[in-house]
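Residue strings, one per chain:
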Amino acid sequence: IQDLRGEVQLLKAKLAQRGEAASSPPSALPGADQNALKEASAQWKAEVVHNLEVRTQLQRSLIEVERGMVQWRTKKARVQKVIEQWETDAEASASRCRQSTPSSSTIRTPSLGATADVGGARPGSLAEWEEQLSQ
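All residue numbers here refer to positions counted from 1 along the written sequence of the relevant chain. Local features in a predicted model are, by the rule used here, given only for residues with pLDDT of at least 70; side-chain atom pairs are given and counted only at 80 or more, and totals for whole chains, interfaces and linings are based on all residues. Note that water and hydrogens are dropped before the side-chain values are worked out from all heavy atoms of the structure.

Asks: Would you mind showing me how to read the overall build of the chain here?
Replies: Only DSSP runs of H or I reaching four residues or more are called helices, and only runs of E reaching two or more are called strands; each is numbered from the N terminus. For the chain, the helix and strand inventory stands at three helices and two strands. Secondary structure elements in the chain, listed N-terminal to C-terminal, are α-α-β-β-α. The 135 residues of the chain split such that 16% are buried. Taking all contacts inside the chain whose residues are at least 6 apart in sequence as the whole, residues at least 24 apart take part in 47%. The buried label goes to any residue with under 20% of its type's maximum accessible area, the exposed label to any with over 50%, and the partly exposed label to all in between, with areas taken from a 1.4 Å probe on protein chains only. Any two residues whose heavy atoms approach within 4.5 Å are treated as being in contact.

Set out below in structure tokens:
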């Protein structure tokens, strides 16, 4: 909002400078020149309003993009935590499995309830991870 106010002040200053640049006051000008000044003023106002609307829309869009990025980062952090937990549980279960039954080739991970190869294979797709996160 402060940026928009600053921009309005800047544009008002530019309008004032253009008004001072005129050689005579508007009341002394013929009717045609007054109409031209009114038209120019109306165009400036329309342009200022349009620029403010565009700028506001861009700021809203940037806020939405930032909100989406925050959500994505949060989701990414949760998935990384789940992966780290799964790997930790898989390694611990693999160690226990090797000690108790060396012929077994699969383990059951307690946190995710998924079966994985002791050899290091990981659960499949991102959809499976998202399903686990939603539970």
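Asks: Is there a simple way to explain the pattern of salt bridges in this structure?
Replies: Should a side-chain nitrogen of Lys or Arg be within 4 Å of a carboxyl oxygen of Asp or Glu, the pair is scored as a salt bridge. Counted by the stated rule, this structure contains three salt bridges. A salt bridge links Arg-73 to Glu-66; its shortest N-O distance comes to 3.7 Å. Its relative accessible area of 43% is what places Glu-66 among the partly exposed residues.

Asks: What am I meant to see in a nonpolar patch on the surface here?
Replies: Together, Val-65, Met-69 and Trp-72 make up a nonpolar patch on the protein surface, roughly 300 Å² of accessible area in all. Structurally, Met-69 is set in helix α2 (residues 31-100). Taking the relative accessible area as the measure of exposure, Met-69 reaches 33% and is therefore partly exposed. A residue counts toward a patch only above 30% relative accessible area and without a salt bridge, and it is joined to like-charged neighbours within 9 Å or, for Val, Leu, Ile, Met, Phe, Trp and Tyr, to nonpolar neighbours within 5 Å. Here the Shrake-Rupley method, with its probe set to 1.4 Å, supplies the accessible areas, and only the displayed protein chains count as covering residues.

Asks: Honestly, the environment of Thr-88 in this entry has me stumped. Any pointers?
Replies: Turning to its location among the elements, Thr-88 is positioned in helix α2. A residue is classified by how much of its surface remains accessible, and Thr-88, at 47% relative accessible area, is partly exposed. Here the side chain of Thr-88 touches Glu-84 through a polar contact of 2.8 Å, landing on its backbone oxygen. Whenever a nitrogen or oxygen atom comes within 3.5 Å of another N or O atom, the pair is scored as a polar contact, on the condition that within protein one atom can donate a hydrogen and the other can accept it, and that pairs from neighbouring residues in sequence are kept only if both atoms are in side chains.

Asks: Hey, could you run me through the confidence of the model for the chain in this one?
Replies: Scored from 0 to 100, pLDDT records how confident the predictor is in each individual residue. Mean pLDDT over the chain works out to 75, with 70% of the residues at or above the 70 mark. When mean pLDDT is compared element by element in the chain, α2 scores highest at 89, while strand β2 (residues 115-117) scores lowest at 42. Contacts from residues 104-121, a stretch scored under 50 in pLDDT, to residues over four places away or in other chains number 39 contacts.

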